[in-house]
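Coordinate inspection notes
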Amino acid sequence: MSGTYAVEAAGIIIRGTAPLPVGAPVPRWELPTLGVALTLYGGFALLTWFWYALPLWLSASVGALLLAWHSSLQHETIHHHPTPLKRLNALLGAPPLALWLPYAIYRRTHLAHHAHGGAALTDPDGDPESHYLPAGTLAGRGAIRRRLRQWNATLAGRLMIGPLFLVVGCWRMELQRLPADRRSRWLWIRHGLSVALVLGWVGGVCRIPLSEYLCLMVYPSISLGLLRSFAEHRAHPISGHRTAVVEAGMFWSGLFLNNNLHAVHHRQPGLPWYRLPAVWRAIEAEIELGPEMRIRGGYAEIFRKHLFSGTGSVEHPGFDPAAA
């Protein structure tokens, strides 16, 4: 990318090549993101309170969307939004509505995902958010595990069994840390107390059975997050070609807080979600994406192309990311 671009409506000036510097400072108190937080937590409280006053299909659908939206909000707080106060940002993102993942672990692994300018993106040995297996490891797994991994590489599999792979994989890694890591043990204790508060409201006050909450809200919300992440990274020898842009409509873009414009986010992780579309419009003619990494048809195109087929191999191709 070359040249100078001005996005006056967003107050942003972008010059030169990635990462994209921002000329105008981001507001220290971001009202759009604070509005998302207020709407989300208020909506969660109202939905759970009136759970049985609504048809179950509606309660479950809205609940899953709210929890997926909460994950998007957590992502914003990890990137130092919406206030100048780190602890307040963490407080806004920390409530474990989806129960399974401590906020501190999400923060640690996601910042590692962004480390080194994307040099380790998709590498299972360096990227904690990679869905690839290390090269040469699939053959050593049993037939059932191989088939499950191959299915998980398709969109249908990612949505159906992907949450199990994600949760079990995370918990397995964290359990290995616990014996020698006192800080991790304290982290999980605090997380357990926070989960108890959420379940005290959901089950104790609102009388929603844990099985309903897990099956109708938590699990589908993880699937929605995996829909977003399914096509956003792909192994490629050139690090700048590993990240996609999904040109989604208002609904999906709002749900994911524009993180579907993922290549822009990786070039400037500090941009708040509501500025990403203007930046993308300014650079889309010049930014160089990898093959098939600009998905103009949005998530409908991803469903059409990849419902029963993956975006690449199950194993990482094994190139040296530092060489690119």
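Quick summary incoming for the structure in this document. (Residues numbered from 1 in each chain as written. Predicted model: local features only at pLDDT ≥ 70, side-chain atom pairs only at ≥ 80, totals over all residues. Heavy atoms only, no water.)

Let us now look at the overall build of the chain. Summing up its helical and strand segments, the chain has 13 helices and 4 strands in all. For 324 residues, the compact-globule estimate of 2.2 N^0.38 gives 20 Å, and the C-alpha radius of gyration of the chain, at 20 Å, lies within 12% of that figure. Principal-axis analysis of the C-alpha atoms gives the chain an extent of 60 × 50 × 45 Å. Here the chain holds 324 residues, and 46% of them are scored as buried. Approximately 16,000 Å² of the chain is accessible, and the part contributed by carbon and sulfur atoms is 64%. Looking at the chain, you have 29 positive and 19 negative side-chain charges, and the mean spots of the two groups are 8 Å apart. (Helix = DSSP H or I, 4+ residues; strand = E, 2+ residues; numbered from the N terminus. Rg over C-alpha atoms; globule rule 2.2 N^0.38 Å. Buried < 20%, exposed > 50% of the residue type's maximum accessible area, 1.4 Å probe, protein only. Areas by Shrake-Rupley, 256 points an atom, 1.4 Å probe, with all protein chains shown as cover. Lys, Arg positive; Asp, Glu negative; His and termini not counted. Charge placed at Lys NZ, Arg CZ, Asp CG, Glu CD.)

Overall, the coordinates contain 8 salt bridges when judged by the stated rule. The partner of Glu 247 in a salt bridge is Arg 294, and the shortest N-O contact between them spans 2.7 Å. Here Glu 247, found in the loop between β3 (245–246) and α10 (250–255), pairs with Arg 294, found in strand β4 (residues 294–295); they are 47 residues apart in sequence, far enough to count as distant. Classification of Glu 247 as partly exposed rests on a relative accessible area of 23%. Of the charged contacts in the structure, one is a salt bridge between Arg 294 and Glu 284, with a shortest N-O distance of 2.6 Å. Of the two residues, Arg 294 is situated in strand β4 and Glu 284 in the loop between α12 (276–283) and β4; the sequence distance between them amounts to 10 residues. A residue is classified by how much of its surface remains accessible, and Arg 294, at 24% relative accessible area, is partly exposed. Accessibility expressed as a relative area gives 27% for Glu 284, which makes it partly exposed. Within this structure, Arg 108, Glu 174, Arg 177 and Asp 181 form a network of salt bridges that share partners. (Salt bridge = Lys/Arg side-chain N within 4 Å of Asp/Glu carboxyl O.)

On to the packing of helix α1 (residues 31–49) against helix α2 (residues 56–78). It is at 10 Å that the axes of α1 and α2 come closest, and there the two elements cross at 150 degrees. By the angle between their directions, the pair α1 and α2 is classed as roughly antiparallel. Note that α1 runs across α2; the crossing there is left-handed. Packed against α1, whose contacting residues are Thr 33, Val 36, Ala 37, Thr 39, Leu 40, Tyr 41, Gly 43, Phe 44 and Leu 47, the element α2 presents Ser 59, Val 62, Gly 63, Leu 66, Leu 67, Trp 69, His 70, Leu 73 and Glu 76 at the interface. Its residues assigned to classes, the contact of α1 with α2 comprises 11 nonpolar, 6 polar and 1 charged. (Axes fitted to C-alpha atoms, helices over the stretch in contact; angles between N-to-C directions. Parallel < 35°, antiparallel > 145°, perpendicular 65-115°, else oblique. Left-handed = near helix turned anticlockwise from the far one by under 90°. Contact = heavy atoms within 4.5 Å. Nonpolar A, V, L, I, M, F, W, Y, C, P; charged D, E, K, R; others polar.)

Positionally, Leu 164 belongs in helix α7 (residues 162–177). Here Leu 164 falls in the partly exposed class, since its relative accessible area comes to 49%. Spatially, the C-alpha atom of Leu 164 lies 22 Å from that of Ala 196, the residues being 32 residues apart in sequence. For Leu 164, the residues in contact, after removing those within four places along its chain, are Gly 169 and Tyr 219.

Relative to the 33 Å expected for 23 residues at 1.5 Å per residue, α2 spans 33 Å between its end C-alpha atoms, a close match to the ideal helical length. Of the residues one or two after α2, His 80 is the one with positive phi, at around 70 degrees. (Expected span 1.5 Å × (residues − 1).)

Looking now at the nonpolar core. Ranked by size, the top nonpolar core spans 49 residues in total, and within it Leu 67, Tyr 213 and Ile 302 carry the most contacts. No other element matches helix α9 (residues 210–230), which puts 8 residues into this core. The contacts of Leu 67, once residues within four sequence positions are left out, are Phe 44, Leu 97, Ala 98, Tyr 213, Met 217, Val 218 and Ser 221. With 14 residues, the next largest nonpolar core counts Leu 276, Val 279, Trp 280 and Ile 283 among its residues. (Core = buried A, V, L, I, M, F, W, Y, C linked by side-chain atoms within 4.5 Å.)

Where α2 contacts α9, the axes come no closer than 8 Å and their chain directions differ by 45 degrees. Classified by the angle between their axes, α2 and α9 sit oblique to one another. Helix-helix and strand crossings are classified by hand; for α2 and α9 the assignment is right-handed. Along its contact with α2, which presents Leu 56, Ala 60, Gly 63, Ala 64, Leu 65, Leu 67 and Ala 68, the element α9 presents Glu 212, Tyr 213, Leu 216, Met 217, Val 218, Pro 220, Ser 221 and Leu 224. Across the contact of α2 with α9, the residue classes break down as 12 nonpolar, 2 polar and 1 charged.

Moving on, we come to the environment of Arg 28. Within the fold, Arg 28 resides in the loop between β2 (12–15) and α1. The exposure class of Arg 28 is exposed, given its relative accessible area of 51%. Taking C-alpha positions, Arg 28 is 30 Å from Leu 224, a pair spaced 196 residues apart along the chain. Filtering out sequence-adjacent residues up to four positions away, Arg 28 remains in contact with Pro 82, Thr 83 and Pro 84.

Our focus in this paragraph is a nonpolar patch on the surface. Side chains of Leu 46, Trp 49, Phe 50, Leu 54 and Val 205 sit close together on the surface and give an oily, nonpolar patch of about 490 Å² of accessible area. Tracing the sequence through the fold places Leu 46 in helix α1. (Patch = residues over 30% accessible without salt bridge, like charges linked within 9 Å, V, L, I, M, F, W, Y side chains within 5 Å.)

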